[in-house]
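One-letter residues, chain by chain:
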Amino acid sequence: MAYVGPITAGAVVIGGAVTSMAVKYFTEEHPLVRAERCCWAKDHALEVDQAKQAALHALVSEHFQLGSQLELCFTVLSAAGDMMLSAASDMMQYENWFVKCGDWIIEFGSGQGLIGGVWHNSVDVHCIPRRGFYVKKRATITANMVERINRVVGATAYSLLLRNCEHVANYIFEGRWLSMQSLTEGYIGKLLLEFVMDKEHRALRNVLPAELR
């Protein structure tokens with residue numbers, strides 16, 4: 001797949017093309033806003049499911065071997081909090097990031113999404129076919145990459161602003177806990193920052209979670 005630049009605020013994918021749309025900013029009662037506030041009530045940590053992590057290590061060892069090619073990828077999705085909102089103005093466009101080796105994928109987003117105001121996502125290893133994605137970078141898998149993968153698989157404490165799929169993909173690929181979408185002018189940041197963070201918390205958006213420091 002060819003690489004295109006990050007999708008900016010006000011962009012939407014229609015029939016595979018990126019077009020602009022008017023953005024209706026969220027209210028304090030939007031499900032995604034409420035979910036992020038719940039995330040901020042906890043420590044900035046991954047909350048790894050140890051049993052699941054141990055099981056996933058076997059898949060990592062088998063399918064993400066040293067010397068293989070790793071791809072840093074993203075696709076563009078929409079979220080409406082409770083997944084039942086039909087108005088386009090209530091939807092949030094965002095980039096879903098993941099790393100891929102052959103047919104196998106690692107991403108923070110495998111799960112049921114947002115249910116009852118709580119995220120049910122985890123960093124998982126799977127081979128579910130993925131189409132319509134873009135490859136940003138390619139690199140040869142190193143021992144450091146494998147170590148980073150093994151540290152994050154099984155994580156469960158998902159947050160759009162603090163611990164999202166872009167954070168995890170960049171950490172695995174380059175060792176940086178970075179999500180451009182969470183910045184003030186990023187698509188997620190532009191919609192959510194005013195509701196959930198004071199100045200002190202904003203500084204933590206691209207800081208490593210406790211388990212990775």
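The model shown is predicted, which means the values in this text are computed figures rather than measured ones.

Chemist: Can you break down the overall build of the protein chain residue by residue, with the values?
Modeler: For the protein chain, the count of helices and strands is six helices and seven strands. When the helices and strands of the protein chain are placed in sequence order, the string is β-β-α-α-β-β-β-β-β-α-α-α-α. Here the protein chain holds 213 residues, and the buried ones make up 49% of them. Taking contacts inside the protein chain between residues at least 6 apart in sequence as the whole, the part at least 24 apart equals 69%. Taken as a whole, the protein chain presents about 10,000 Å² of accessible surface, with 54% of it coming from carbon and sulfur.

Chemist: Account for the layout of surface pockets, with residues named and values stated.
Modeler: Volume-wise, the second largest pocket comes out at about 180 Å³. Along the walls of the second largest pocket sit Ala35, Cys38, Cys39, Lys42, Glu47, Gly117, Val118, Trp119, Thr156, Ala157, Tyr158 and Arg163, which together make up its complete lining. Of all the elements in the fold, those that place two or more residues in the lining of the second largest pocket are α1 (31-40) and β6 (118-126). In terms of residue count, α1 provides more of the lining of the second largest pocket than any other element does, three residues in total. Its residues assigned to classes, the lining of the second largest pocket shows seven nonpolar, two polar and three charged.

Chemist: Tell me about the packing of helix α3 (residues 143-152) against helix α4 (residues 165-174), and please be specific about residues and values.
Modeler: In contact at an axis separation of 7 Å, α3 and α4 are set at 150° when each is read in the N-to-C sense. What the angle tells us is that α3 and α4 run roughly antiparallel. Between α3, through Met145, Arg148, Ile149, Arg151 and Val152, and α4, the contact on the second element is made entirely by Val168, Tyr171, Ile172, Phe173 and Glu174. Tallied by class, residues from the contact of α3 with α4 come to seven nonpolar, no polar and three charged.

Chemist: Give me the lowdown on the environment of Leu56, citing residues and values where you can.
Modeler: Structurally, Leu56 is set in helix α2 (residues 50-63). We classify Leu56 as buried; its relative accessible area is 6%. Put simply, Leu56 and Val125 are 69 residues apart on the chain and 6.6 Å apart in space, counted from C-alpha to C-alpha. For Leu56, the residues in contact, after removing those within four places along its chain, are Val123, Asp124, Val125, Val153 and Gly154.

Chemist: Run through the pairing of β6, naming residues and quoting values.
Modeler: Of all nine residues in β6, seven are buried, a share of seventy percent or more. As paired strands, strand β5 (residues 104-115) and β6 are joined by nine bridges and run antiparallel to one another. Across the sheet, Ser110 pairs through a bridge with Ser122, a residue of β6. As consecutive antiparallel partners, β5 and β6 are separated by two residues, and within that stretch Gly116 has a phi angle of approximately 60°, a positive value.

Chemist: I'd love a proper account of the packing of aromatic side chains, names of residues and values included.
Modeler: What the rule picks out here adds up to six aromatic pairs. The interplanar angle of 35° and the centroid separation of 5.4 Å between the aromatic rings of Phe74 and Tyr134 together place this pair among those described as tilted. On the criterion of sequence distance, the pair formed by Phe74 in strand β3 (residues 69-79) and Tyr134 in strand β7 (residues 134-140) is long-range, its members being 60 residues apart. Residue classification places Phe74 among the buried positions, given a relative accessible area of 0%. Arranged with centres 6.0 Å apart and planes meeting at 65°, the rings of Tyr171 and Trp177 form a pair that is edge-to-face. Overall, the relative accessible area of 5% leaves Tyr171 in the buried class. Members of the aromatic cluster, each reached through a chain of ring pairs, are Phe74, Trp97 and Tyr134. Against the face of Phe98 rests Arg130, its NZ or CZ located 4.8 Å from the ring centre.

The rules behind these values
- Residues numbered from 1 in each chain as written.
- Predicted model: local features only at pLDDT ≥ 70, side-chain atom pairs only at ≥ 80, totals over all residues.
- Heavy atoms only, no water.
- Helix = DSSP H or I, 4+ residues; strand = E, 2+ residues; numbered from the N terminus.
- Buried < 20%, exposed > 50% of the residue type's maximum accessible area, 1.4 Å probe, protein only.
- Contact = heavy atoms within 4.5 Å.
- Areas by Shrake-Rupley, 256 points an atom, 1.4 Å probe, with all protein chains shown as cover.
- 1 Å grid on protein atoms, 1.4 Å probe; cavity = no way out; pocket = protein on both sides within 12 Å on 5 of 7 lines; lining within 4 Å.
- Points joined across faces, edges and corners; volume = space filled by probe spheres on them.
- Nonpolar A, V, L, I, M, F, W, Y, C, P; charged D, E, K, R; others polar.
- Axes fitted to C-alpha atoms, helices over the stretch in contact; angles between N-to-C directions.
- Parallel < 35°, antiparallel > 145°, perpendicular 65-115°, else oblique.
- Pairing = 2+ DSSP bridges.
- Phe/Tyr/Trp six-rings, centres within 6.5 Å; stacked < 30°, edge-to-face > 60°.
- Lys NZ or Arg CZ within 6 Å of the ring centre and 35° of its normal.

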